Amino acid sequence: MSNDTRQRRVRALVRELNRRRKKQALRTDILCNDLLAAQRAFVAQLREIAFAAAFYKALVAPSDLHELLTTAAGLIRQQWPACGAAFFLRDEHGEQVTVFDSGRAVDPIRDCLDACFNGRLIDRVCTAGKPCTLDDLYELGMSTEPRWLKGISAVAVPLVRPSERIGFIFLYTPMDQPLTPRQITALANLAPTLARAIQ
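Sequence order as written defines the numbering, with residues in each chain counted from 1. With the structure being a predicted model, the display of local features is reserved for residues of pLDDT at least 70 and the display and counting of side-chain atom pairs for 80 or more, all residues being used for whole-chain, interface and lining totals. Working from all heavy atoms in the structure, the side-chain values ignore hydrogens and water.

### Digging into the overall build of the protein chain
Put simply, the rule reads: By definition, any uninterrupted DSSP run of H or I lasting at least four residues is a helix, any uninterrupted run of E lasting at least two residues is a strand, and each is numbered from the N terminus. Per-residue and other accessible areas follow the Shrake-Rupley method at a 1.4 Å probe size, with only the shown protein chains counted as cover for residues.
Helices and strands together make up the secondary structure of the protein chain, namely six helices and five strands. Counted from the first residue to the last, the protein chain has its helices and strands arranged as α-α-β-β-α-α-β-α-β-β-α. For the protein chain, the computed accessible surface area is about 12400 Å², with 54% contributed by carbon and sulfur atoms.

Below you can see the structure in the form of structure tokens.
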């Protein structure tokens, strides 16, 4: 066997070895990225569990409604600093609407919140059985000028007890920091506990 033939074979073997090494390196990168993504998701789930535990624990201590809603709004703000929360609650006759604002609202929003929602809209949000976006709220009959909603992202999470419609939490954030579906789901999962705590 000549030197040229040997060198060609060695080069071919080296090329094949390099090709396999690159393929293995790519597989390793994909695996590492998958592991990092799984770890991030796990940490996010742990944060949600810690938030839920803190939320449940905090709902046991308050002695009155104002303290309860202030505590709930504070926990929401602590978890998602850009998020404001207002609570719209009906009285037992469904006529009077009480608004508890977390104080995070921008002034024009705070001024308009109580004018936007009435007992009928609260009923509709509660019977929707799911968090309602701004588009959903307009379809359900929210009446307000869109100019004060410009620049915000919002969702209404129903507060319902068995056979009783209590109200909803109106959550709003700057448009460039909207709540993710996962965050909305986390809050929707906590809403029944908050509804039970409201006396």
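### Some thoughts on the packing of aromatic side chains
Selection rule: Pairing of aromatic rings covers Phe, Tyr and Trp, the last through its six-membered ring, and needs centres within 6.5 Å; plane angles under 30 degrees mean stacked, over 60 mean edge-to-face, and all others mean tilted. Burial classes follow relative accessibility: with a 1.4 Å probe on protein chains only, a residue under 20% of its type's maximum area counts as buried, one over 50% as exposed, and anything between as partly exposed.
All chains considered together, the criterion is met by three aromatic pairs. Relative to Phe-168, the ring of Phe-88 has its centre 5.1 Å away and its plane inclined at 20°; by these criteria the two rings are stacked. Taken as a pair, Phe-88 in strand S1 (residues 84-90) and Phe-168 in strand S5 (residues 164-174) lie far apart in primary sequence, 80 residues in all. Neither residue differs from the other here; Phe-88 and Phe-168 are each classed as buried. When the ring of Phe-88 is compared with that of Phe-170, the centres are 6.3 Å apart and the planes differ by 90°; the resulting orientation is edge-to-face. One end of the pair, Phe-88, is in strand S1; the other, Phe-170, is in strand S5, and 82 residues separate them in sequence. By relative accessible area, Phe-88 is classed as buried at 0%. Counting every residue linked through ring pairs, the aromatic cluster contains Phe-88, Phe-168, Phe-170 and Tyr-172.

### As for helix H6 (residues 181-197)
Rules: Helix span is expected to be 1.5 Å times the residue number reduced by one. Note on bend: at a given residue it equals the angle between the axes fitted to the 7 residues ending there and to the 7 starting there. Contact definition: two residues touch when any of their heavy atoms are within 4.5 Å.
For H6, built from 17 residues, the straight-helix expectation of 24 Å at 1.5 Å per residue is met to within 8% by its first-to-last C-alpha distance of 25 Å. Where H6 bends most, the angle comes to about 30°, and this point is Ala-191, followed within four residues by the proline Pro-192. Of all the positions in H6, only Gln-183, Ile-184, Ala-186, Leu-187, Leu-190, Ala-191, Thr-193, Leu-194 and Ala-195 are classed as buried. Elements in contact with the buried residues of H6: helix H1 (3-60), helix H2 (65-79), S1, strand S4 (152-161) and S5.

### A short note on the state of the cysteines
Test applied: The disulfide criterion used throughout: a pair of cysteine sulfur atoms within 2.5 Å.
Evaluation of the coordinates by the stated rule reveals zero disulfides. Distance from the sulfur of Cys-126, which forms no disulfide, to the nearest cysteine sulfur (Cys-132) is 9.1 Å.

### As for the nonpolar core
The following threshold applies: What is meant by a nonpolar core is a set of buried Ala, Val, Leu, Ile, Met, Phe, Trp, Tyr and Cys residues, joined one to another through side-chain atoms within 4.5 Å.
Formed by 31 residues in total, the largest nonpolar core has its most connected members in Phe-55, Ile-76, Leu-159, Leu-171 and Leu-194. Counting residues per element, the ones that place at least two in this core are H1, H2, S1, S4, S5 and H6. The leading source of residues in this core is H6, at seven residues. Sequence-distant contacts of Ile-76, defined by excluding residues within four places in its chain, comprise Phe-51, Phe-55, Cys-83, Ala-85, Leu-171 and Leu-187. If you look at the next biggest cluster of nonpolar residues, it comprises 18 residues, including Cys-116, Phe-117, Leu-137 and Ile-152.

### Description of the pairing of S4
Stated precisely, the cut-off is as follows: In short, DSSP must find at least two bridges between two strands for them to pair.
The element S4 is largely enclosed, with a buried count of eight among its ten residues. Note that strand S3 (residues 132-133) and S4 share two bridges and pair antiparallel. When the bridges of S4 are listed, Thr-133 appears paired with Val-155. The sheet contact formed by S4 and S5 spans ten bridges and is antiparallel. Bridge pairing in S5 places Leu-159 opposite Gly-167. A loop of two residues connects S4 with S5, the two strands running antiparallel in sequence, and Ser-163 in this loop sits at a positive phi of about 60°.

### Quick look at the side chain of Gln-183
Among the secondary structure elements, Gln-183 is positioned in helix H6. Residue Gln-183 is classed as buried on the basis of its relative accessible area of 18%. When near neighbours in sequence (up to four residues on either side) are disregarded, Gln-183 contacts Trp-80 and Pro-178.

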